[in-house]
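A look at the structure
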Amino acid sequence: MLQRDAYKELEDTIGPENVSEEQALLDGYAWQPSFSSSPKEKLDIWLWRPRPEAVVLPGSTEDVQAILKVCNRYKIKFKAMSTGWGAWNSPGTEGVIQIDLRRMNKILEINEENMYALIEPYVVGAQLQAEAMKKGLTPHIIGAGANTSVLASSTSMGGYGGTGISTSMSGRNVLGVEWVMPNGDILKLGAPGSNAGWFCGDGPGPSLRGIMRGMFGAAGGLGVFTKCAVKLFHWPVPHEVHVEGLLLDTMIKIPENIKFYFCFLPSFERFADAAYKIGEAEIGYMLVKQTIGSTLATMAPHLLRAIAQNQSIKAALNAFEHIFMFMIAANSKRDLEYQEKALKKIISETEGVLITISDMPTTASMALWGSIRSSLTPLAFRYSSSFATTLGSLVAWDNAVLQSKAGSEIKKQFVERGELFEDLVDNPWGGIYEGSTCFGHQEEIAFFDAHDLKTHKGWVEFEKTCVQAAVDTPMGVGISALGKGDIFGPLAGNYHIWQRKVKKAFDKEDLADSTYYITPEEK
Ligand SMILES: Cc1cc2nc3c(=O)[nH]c(=O)nc-3n(C[C@H](O)[C@H](O)[C@H](O)COP(=O)(O)OP(=O)(O)OC[C@H]3O[C@@H](n4cnc5c(N)ncnc54)[C@H](O)[C@@H]3O)c2cc1C
């Protein structure tokens with residue numbers, strides 16, 4: 001429980017209606033079924049993170065600043081959360097207050113001319129995209145789903161998404177940023193640091209992109225971000241798309257300039273070659289490895305459970321393991337024809353098979369719109385109750401594809417022993433970024449039941465084995481590296497030493513909970 005004086009000051013600062021220490025409410029924040037086992041891996045905290053001491057709901061940057069000043073006066077730790085999708089937003093220890101930013105939910109500007117949006121923390125991908133599309137623009141939405149905060153993945157975490165080939169990744173899309181430092185001071189990065197607008201993250205004004213977030217972000221360990229501008233990208237559909245239904249029932253009339261394909265390749269090598277050629281041809285709106293296993297787990301979990309019992313169907317489906325989804329969103333009929341012609345040539349040169357899914361009735365419009373909106377991700381919990389991913393470093397594409405091969409080989413043993421759910425084994429997710437640059441990632445998905453000891457333990461062991469393989473091979477710094485700088489740092493320029501120096505310089509009192517970033521001292 002917080003000191004009474006401190007609690008009273010918080011109430012005086014942002015109003016009693018925006019502060020609570022009601023136990024049932026706090027448990028709502030501590031219950032974190034997704035990714036809870038990382039990084040501590042203790043069975044007793046699988047589904048629960050430490051309960052925050054109190055929750056505060058600021059409504060403005062000034063509120064956030066005032067809260068952090070109180071935290072500094074009373075030496076209280078704090079943890080920011082935007083939309084709270086996954087355990088990383090929760091306190092890592094006792095004695096932390098949760099700063100829930102849901103009241104800061106406004107799109108402050110959509111700048112059509114300079115193609116950026118200025119947003120607050122609780123603006124989600126779906127909301128921003130709906131507004132941007134009205135102006136012929138779209139944001140990058142991460143694969144975690146349209147329900148997640150655009151600001152959180154831009155400033156503080158991850159950033160991979162299925163449309164990365166045309167919309168890059170969050171760490172590269174973030175422009176000007178407003179940052180309340182752990183001591184309560186405000187720092188503006190990029191152009192806003194010189195009162196020159198929000199259009200640029202690296203100047204005029206200070207550029208601290210690497211320190212602010214680097215590859216995966218500080219996961220709340222360096223303060224609270226209260227505003228940021230993000231790039232918007234060209235969206236070529238000239239009219240509003242009429243949508244009926246929700247999720248799996250979604251129906252739209254597929255716009256004429258959009259086409260959607262499954263590309264099947266005969267081997268890991270040809271799969272990699274095809275993406276390189278696509279990058280060189282500079283075509284495509286979306287390229288993402290979305291396997292049959294993941295697709296069934298998301299769309300038809302009962303069918304996957306039935307298939308899991310049948311060896312011959314499994315073997316037949318495994319023949320389609322090297323598969324990616326590809327979407328063209330063209331500017332004109334001529335552009336569409338050009339891109340399709342190039343795609344057909346590439347798939348033929350790489351001995352693959354191309355299926356146009358946009359021509360299939362019913363499912364096509366649901367899958368297409370769900371992919372554009374990134375709205376289907378939460379359905380992946382239907383199959384086994386939980387899933388998680390590992391490996392997935394951002395590397396040259398050949399290397400990423402080899403990671404998926406290594407991950408699948410490790411996973412096979414766990415699936416055969418019944419320690420992970422059957423997902424047809426070769427089940428990575430991810431694609432290439434920024435077209436012709438051809439760096440990309442492949443994260444290995446595994447399905448488990450969070451309430452079942454055998455498969456939940458199976459996931460923890462599987463992740464450990466993959467982390468060890470990533471270190472031994474080495475395979476680069478992937479998804480599982482969050483909070484594990486001491487393991488991965490020696491492989492990558494000793495980044496953990498620098499992270500510790502940054503943490504000490506920016507947060508002398510160690511008040512911003514940095515469980516998923518770096519601990520002040522080596523463990
Ligand atoms: C099912 C699932 C699928 C996922 N798939 C992907 C994927 O495809 N690609 C990908 O990149 N990631 C993925 N993730 C991880 C994803 O990056 C994060 O879950 C997402 O960014 C966080 O969700 P959120 O937007 O709700 O942010 P939150 O959960 O609110 O926060 C995420 C982190 O950022 C910190 N944070 C949030 N807001 C602020 C702020 N204003 N100031 C300072 N720190 C802040 C939090 O403390 C936390 O550590 C997935 C997660 C889940 C659960």
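You'll find the structure just up there.
So, a few notes on the structure that sits alongside this text. (Residues numbered from 1 in each chain as written. Predicted model: local features only at pLDDT ≥ 70, side-chain atom pairs only at ≥ 80, totals over all residues. Heavy atoms only, no water.)

**As for the overall build of the protein**
What the protein contains, in helices and strands, is 18 helices and 23 strands. A globule of 523 residues ought to have a C-alpha radius of gyration of about 24 Å, and the protein, at 23 Å, matches this closely. Within the span of the protein, comprising 523 residues, buried residues form 59% of the whole. Pairs at least 24 residues apart make up 70% of the contacts formed inside the protein by residues separated by at least 6 positions. Seen as two clouds, the 50 positive and the 60 negative side-chain charges of the protein have centres 1 Å apart. (Helix = DSSP H or I, 4+ residues; strand = E, 2+ residues; numbered from the N terminus. Rg over C-alpha atoms; globule rule 2.2 N^0.38 Å. Buried < 20%, exposed > 50% of the residue type's maximum accessible area, 1.4 Å probe, protein only. Contact = heavy atoms within 4.5 Å. Lys, Arg positive; Asp, Glu negative; His and termini not counted. Charge placed at Lys NZ, Arg CZ, Asp CG, Glu CD.)

**Details of the packing of aromatic side chains**
This model, assessed by the stated rule, comprises 20 aromatic pairs. Ring plane angle 80° and centroid distance 5.4 Å describe the contact between Y383 and F447, whose orientation is recorded as edge-to-face. Of this pair, Y383 sits in the loop between α14 (363-373) and β18 (386-391) while F447 is found in strand β23 (residues 443-448), placing the two residues 64 residues apart along the sequence. For the pair Y383 and F447, a shared accessibility class is recorded, and that class is buried. (Phe/Tyr/Trp six-rings, centres within 6.5 Å; stacked < 30°, edge-to-face > 60°.)

**Regarding the packing of helix α1 (residues 4-14) against helix α3 (residues 61-74)**
Direction vectors running N to C along α1 and α3 enclose 165°, while the axes themselves pass 10 Å from each other. With respect to each other, α1 and α3 are oriented roughly antiparallel. By crossing handedness, the relation of α1 to α3 is classed as right-handed. Residues D5, A6, E9, L10, T13 and I14 of α1 form the contact with α3, whose participating residues are D63, A66, I67, V70, R73 and Y74. Tallied by class, residues from the contact of α1 with α3 come to seven nonpolar, one polar and four charged. (Axes fitted to C-alpha atoms, helices over the stretch in contact; angles between N-to-C directions. Parallel < 35°, antiparallel > 145°, perpendicular 65-115°, else oblique. Left-handed = near helix turned anticlockwise from the far one by under 90°. Nonpolar A, V, L, I, M, F, W, Y, C, P; charged D, E, K, R; others polar.)

**Quick word on the sheet that holds strand β19 (residues 395-396)**
An order of β19-β22-β21 is seen for the three strands of this open sheet, with the pairing classed as antiparallel. Of all strands in the sheet, those bounded by a partner on one side alone are β19 and β21 (432-433). Relative to strand β22 (residues 439-440), β21 is paired through two bridges, and the arrangement is antiparallel. Bridge pairing in β22 places I432 opposite G440. (Pairing = 2+ DSSP bridges.)

**A look at the pattern of salt bridges**
All chains considered together, the criterion is met by 32 salt bridges. Among the salt bridges present, the one from K503 reaches D507, with a minimum N-O distance of 2.6 Å. Across the pair, exposure class does not vary: K503 and D507 are buried alike. Among the ionic pairs, K504 bridges to E521, the shortest N-O distance being 3.6 Å. Within this pair, whereas K504 is found in helix α18 (residues 495-506), its partner E521 is found in the segment after α18, the two being separated by 17 residues in sequence. Linked through salt bridges whose partners overlap, the residues forming this network are K77, K503, D507 and D510. (Salt bridge = Lys/Arg side-chain N within 4 Å of Asp/Glu carboxyl O.)

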